[in-house]
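Understanding the architecture of this molecule
Here is how the chains run, residue by residue.
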Amino acid sequence: MTTITDTEKNTAPISRNKLLWVAGLGWLFDAMDVGILSFIIAALQQDWNLTTDQMGWIGSINSIGMAVGAFVFGIYADRVGRKKIFIITLLLFSLASGISAFTTTLAAFMILRFFVGMGLGGELPVASTLVSESVPAKERGRVVVLLESFWAAGWLLAAIISYFVIPASEYGWRIALLITALPALYALYLRINLPDSPQFTAKKDVLRSIKVNIKDVWSKKYAKATLMLWIVWFMVVFSYYGMFLWLPSVMVLKGFTLIKSFQYVLIMTLAQLPGYFTAAWLIEKIGRKFVLVTYLFGTAASALAFGNAESLAMLITAGAFLSFFNLGAWGALYAYSPEQYPTVIRGTGTGMAASFGRIGGIFGPLLVGFMLTAGYGVNVIFAIFCGAIIIGALAVAFLGVETKQKELD
């Protein structure tokens, strides 16, 4: 009778659907935490009497952690494997998120948000790399975009939890944080039996120094692709965290109650799912560049419309289109990024691009807080985000190459 060793079990192929669900659950819980943060910022403003600058720093400290996490964990994913980093980052995120529910000061909350950000920042590019290396080229883009669609489901759950839990009691935001942290342990349990990427496993004995990997990312062969990724990642993250972390608060600033603002943002969030699903269908039919550029221009137009909306109907409509196009673009970006590099530097290249992008995530929320304090209108702020998204779209259009059904080496 033939027995299967632990090593063979952990390197055996996994079905596409199982991989998608195992990785997607972790992605969903990550999104729940980021989504819940946008609602918690609005609640903390009332609970702790925060200024707009302090509100901006909460979002930015999260992005500082994500920048550090994407850089460090992306590099080590090429050294120790995608699976190990996957598990480490999820555990870090889960524990820090749960502990943050018990904080009583802004300083302690922000320190823990840094570690939450490290886990999130490290996990997301490593997850997309693992999935990219584990499915056939003909369906790789679609599967990675579908992985990203779990982000929309997480945001939707965050909006539902926020609407029903946060206003319910003075401990509402603490309960919400605990709810978003606990399920991540279930995803950790699932990932114990998740095999590593077959491409990494085949090349794990090729020992390369971290310094060489970083240098190769900017070598002549990959410099154009790296420049393109760094520009688009920076602009997309800058605008995303500037806009979406502030959505509930912007609705409050426009005169709606906290509960009403949560309700309207929940409606806008529903549009994220069709954004992902249409991008997943188009990405294999037409290509990565078309989807990314088209959805980025759609995001830019929606941001401009949202910033200038004066009626409730226009706000919700523009917000829904903003969710649709922006999250569809995110899905395409996560599919496109790992395809720019070979296996030996894929984690490093993708992680470095994501890390640079997170710098934009630091400045986005801070910019909103600063400009609101200085008296600028929401229309001016969202016009800036519109311009940033257009720059990202042009970078892909002129510097990017099509990678549809490209075999990864």
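Our subject in this report is the structure included herewith. Throughout, residues of each chain are indexed from 1 in the direction in which the sequence is written. With the structure being a predicted model, the display of local features is reserved for residues of pLDDT at least 70 and the display and counting of side-chain atom pairs for 80 or more, all residues being used for whole-chain, interface and lining totals. Note that the side-chain values use all heavy atoms of the structure and ignore hydrogens as well as water.

**Overview of the nonpolar core**
Among buried residues, those of type Ala, Val, Leu, Ile, Met, Phe, Trp, Tyr and Cys that are joined through side-chain atoms within 4.5 Å constitute a nonpolar core. Accessibility here uses a 1.4 Å probe with only protein chains present; expressed as a share of the type maximum, an area under 20% marks a residue as buried, one over 50% as exposed, and anything in between as partly exposed. In terms of nonpolar packing, the biggest core is built from 135 residues, with Ile58, Phe109, Trp151, Trp233, Phe306 and Trp330 touching the most fellow members. The leading source of residues in this core is helix 2 (residues 16-47), at 19 residues. Pairs of residues are marked as contacts when any of their non-hydrogen atoms sit within 4.5 Å. The contact partners of Phe109, leaving out residues within four places of it in the chain, are Leu37, Ile40, Leu44, Trp48, Ile58, Ser100, Thr103, Trp173 and Leu177. Counting five residues, the second-largest nonpolar core is a separate cluster that includes Phe73, Ala77, Ile85 and Val126. Under the DSSP-based scheme used, a helix requires at least four consecutive residues in state H or I and a strand at least two consecutive residues in state E, with every element numbered from the N terminus.

**Some thoughts on the packing of aromatic side chains**
Two rings belonging to Phe, Tyr or Trp (six-membered ring only in the last case) form a pair when the distance between their centres is within 6.5 Å. Interplanar angles under 30 degrees mark stacking, angles over 60 mark edge-to-face geometry, and anything in between is tilted. Counting across every chain of the model gives 27 aromatic pairs. Measuring from ring centre to ring centre gives 5.5 Å for Trp48 and Trp173, while their planes differ by 85°; the resulting arrangement is edge-to-face. Separated by 125 residues along the polypeptide, Trp48 in the loop between helix 2 and helix 3 (52-80) and Trp173 in helix 7 (residues 172-181) bring together distant segments of the chain. Like Trp48, the residue Trp173 is buried in the burial classification. Here the aromatic rings of Phe382 and Phe385 are separated by 6.0 Å at their centres, their planes lie at 90°, and the arrangement is edge-to-face. A residue pair is termed a helical-turn pair when its members lie 3 or 4 positions apart in one helix, as Phe382 and Phe385 do in helix 18 (residues 378-399) at three residues. Aromatic ring contacts, followed pair by pair, group Trp27, Trp155, Trp233, Tyr240, Tyr241, Phe244, Trp330 and Tyr334 into a single cluster.

**A look at the environment of Ser162**
Mapped onto the secondary structure, Ser162 falls in helix 6 (residues 137-165). By relative accessible area, Ser162 is classed as buried at 0%. Measuring from C-alpha to C-alpha, the distance between Ser162 and Phe200 comes to 40 Å, with 38 residues separating the pair along the chain. Contact partners of Ser162, with chain neighbours within four places excluded, come to Ile36, Phe39, Pro167 and Phe262.

**Here we look at the pattern of salt bridges**
We define a salt bridge as a side-chain nitrogen of Lys or Arg found within 4 Å of a carboxyl oxygen belonging to Asp or Glu. The full count for this structure, using the stated rule, is eight salt bridges. Put simply, Glu133 and Arg346 hold a salt bridge, and the shortest N to O gap is 2.7 Å. With Glu133 in the loop between helix 5 (106-132) and helix 6 and Arg346 in helix 17 (residues 343-373), this pair connects stretches of sequence that are 213 residues apart. In this structure Glu133 comes out as buried when scored by relative accessible area, which is 3%. Using a relative accessible area of 0% as the deciding quantity, one classes Arg346 as buried. The closest approach of N and O atoms between Glu139 and Arg142, which form a salt bridge, is 3.5 Å. Of the two residues, Glu139 and Arg142 both sit in helix 6, three residues apart, roughly one turn of that helix. By relative accessible area, Arg142 is classed as partly exposed at 30%. Through salt bridges with shared partners, a single ionic network connects Asp78, Arg82, Glu133 and Arg346.

**Describing helix 18**
With 22 residues, helix 18 extends 32 Å between its outermost C-alpha atoms, agreeing within 8% with the 32 Å of an ideal straight helix rising 1.5 Å per residue. Taken together, the buried residues of helix 18 touch helix 11 (223-244), helix 12 (247-253), helix 15 (288-308), helix 16 (312-336) and helix 17. Given the number of residues in a helix, its expected span is that number minus one, multiplied by 1.5 Å.

**Describing the environment of Ala43**
Along the chain, Ala43 turns up in helix 2. Separated by 130 residues in sequence, Ala43 and Trp173 have C-alpha atoms that sit 7.2 Å apart. Residues contacting Ala43, with those up to four places away along its chain left out, are Ile166 and Leu258.

**Thoughts on the packing of helix 2 against helix 3**
Lines fitted to C-alpha atoms define the axes here, with helix axes fitted over just the stretch in contact, and angles between the N-to-C directions of these axes take values from 0 to 180 degrees. One way to put it is that helix 2 packs onto helix 3 with a least axis distance of 10 Å and a crossing angle of 150°. Between helix 2 and helix 3, the angle falls in the class roughly antiparallel. With respect to the hand of their crossing, helix 2 and helix 3 are arranged in right-handed fashion. Facing helix 2, whose interface residues are Leu37, Ile41, Leu44 and Gln45, helix 3 presents Met55, Ile58, Gly59 and Asn62. Amino acids outside the nonpolar list (Ala, Val, Leu, Ile, Met, Phe, Trp, Tyr, Cys, Pro) and the charged list (Asp, Glu, Lys, Arg) are all regarded as polar, and Gly is one of them. Of the residues contributing to the contact of helix 2 with helix 3, the split by class is five nonpolar, three polar and no charged. Angle categories: roughly parallel below 35 degrees, roughly antiparallel above 145, roughly perpendicular from 65 to 115, and oblique for all the rest. Working rule for handedness: look at the near helix, and if it is turned counterclockwise from the far one by less than a right angle, call the crossing left-handed; if clockwise, right-handed.

Shape descriptors only; they carry no functional weight alone.
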